[in-house]
Amino acid sequence: AQSVAQPEDQVNVAEGNPLTVKCTYSVSGNPYLFWYVQYPNRGLQFLLKYITGDNLVKGSYGFEAEFNKSQTSFHLKKPSALVSDSALYFCAVRPQESNYQLIWGAGTKLIIKP
Amino acid sequence: DTEVTQTPKHLVMGMTNKKSLKCEQHMGHRAMYWYKQKAKKPPELMFVYSYEKLSINESVPSRFSPECPNSSLLNLHLHALQPEDSALYLCASSQRTENTEAFFGQGTRLTVV
């Protein structure tokens, strides 16, 4: 079965430190990869996507993600965390053969401490 | 305008009520979606509209009835809901269904009493 794993339920980082939120996937072919963020009681906001090309993708709010095909991973990173980055982060994968299907990770709660 | 607007933000309804959720986008997107999200869980796809036609129904109970009056509007009609239907209902849109990112509204927090 196709799946997306976010192995950490919660990640705690001190403000100013680099952060990484992990995502690995088990999807056949060359899927499209996405990161979304959700602030409390809000909808999801698109952060970035990987379709093809450079393995390092830059997105909104200073976030970037690194695609690693051999490890089937798409980890979200930021060089210097802000308290305002505290939110719930979802990794999502669209199988190449699907026109609409998104397979979602369970989400990772990111807490940035001052 | 890069927003998807959903109304109302909050809704409390009884199990015998009929209500509607509304969604609007003016980005020229031709694909629109309804998702259901329980607390701290990923969203679950309910319906997909492509060029104003229902293309995907993810085996959603008939007490949920979607409608797409035009390319900018998407409604979700609710009737005879159950308490377990209480959730955040998210509308989203994308340029097309294939490979483009979706833009989400802020959601409607629905409570069924």
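Residues numbered from 1 in each chain as written. Chains lettered and ligands numbered in written order. Predicted model: local features only at pLDDT ≥ 70, side-chain atom pairs only at ≥ 80, totals over all residues. Heavy atoms only, no water.

A. The arrangement of the overall build of chain B in detail. Regarding its fold elements, chain B presents zero helices and 11 strands. Order of helices (α) and strands (β) in chain B, N terminus to C terminus: β-β-β-β-β-β-β-β-β-β-β. Against the compact-globule benchmark of 13 Å for 113 residues, chain B has a radius of gyration of 13 Å, which places it among compact chains. Along the first, second and third principal axes, the C-alpha atoms of chain B reach 35 × 25 × 20 Å. (Helix = DSSP H or I, 4+ residues; strand = E, 2+ residues; numbered from the N terminus. Rg over C-alpha atoms; globule rule 2.2 N^0.38 Å.)

B. Region of interest: the pattern of salt bridges. Residues and elements named next belong to chain B. What the rule picks out here adds up to six salt bridges over all chains. With a closest N to O distance of 2.6 Å, glutamate 52 and arginine 30 form a salt bridge. Of this pair, glutamate 52 sits in the loop between β5 (44–50) and β6 (53–57) while arginine 30 sits in the loop between β3 (18–25) and β4 (31–37); the two residues are 22 residues apart in sequence, bridging distant segments of the chain. Residue classification places arginine 30 among the partly exposed positions, given a relative accessible area of 29%. (Salt bridge = Lys/Arg side-chain N within 4 Å of Asp/Glu carboxyl O. Buried < 20%, exposed > 50% of the residue type's maximum accessible area, 1.4 Å probe, protein only.)

C. A look at the packing of aromatic side chains. Here the structure, examined in full by the defined rule, presents 13 aromatic pairs over all chains. With centroids separated by 6.1 Å and ring planes inclined at 90°, the aromatic side chains of phenylalanine 90 of chain A and tryptophan 104 of chain A adopt a geometry described as edge-to-face. Pair noted here: phenylalanine 90 of chain A is in strand β10 (residues 87–94) and tryptophan 104 of chain A is in strand β11 (residues 103–104), with a separation of 14 residues, a long-range link. Residue phenylalanine 90 of chain A shares its accessibility class with tryptophan 104 of chain A, and that shared class is buried. An aromatic cluster is present here, built from Phe34, Tyr36, Phe46, Phe90 and Trp104 of chain A together with Tyr33, Tyr35 and Phe104 of chain B joined pairwise through their rings. (Phe/Tyr/Trp six-rings, centres within 6.5 Å; stacked < 30°, edge-to-face > 60°.)

D. Region of interest: the sheet that holds strand β7 (residues 64–70) of chain B. All names here are of chain B. Within the open sheet, the four strands sit side by side as β1-β3-β8-β7. Their pairing is antiparallel. Only two strands of the sheet have a single neighbouring strand rather than two, namely β1 (4–7) and β7. Recorded for the sheet is a direction-independent mean angle of 20° between the axes of neighbouring strands. In this structure, β1 lies alongside β3, joined through four bridges in antiparallel fashion. Looking at β3, one finds that glutamine 6 is bridged to cysteine 23. (Pairing = 2+ DSSP bridges. Axes fitted to C-alpha atoms, helices over the stretch in contact; angles between N-to-C directions.)

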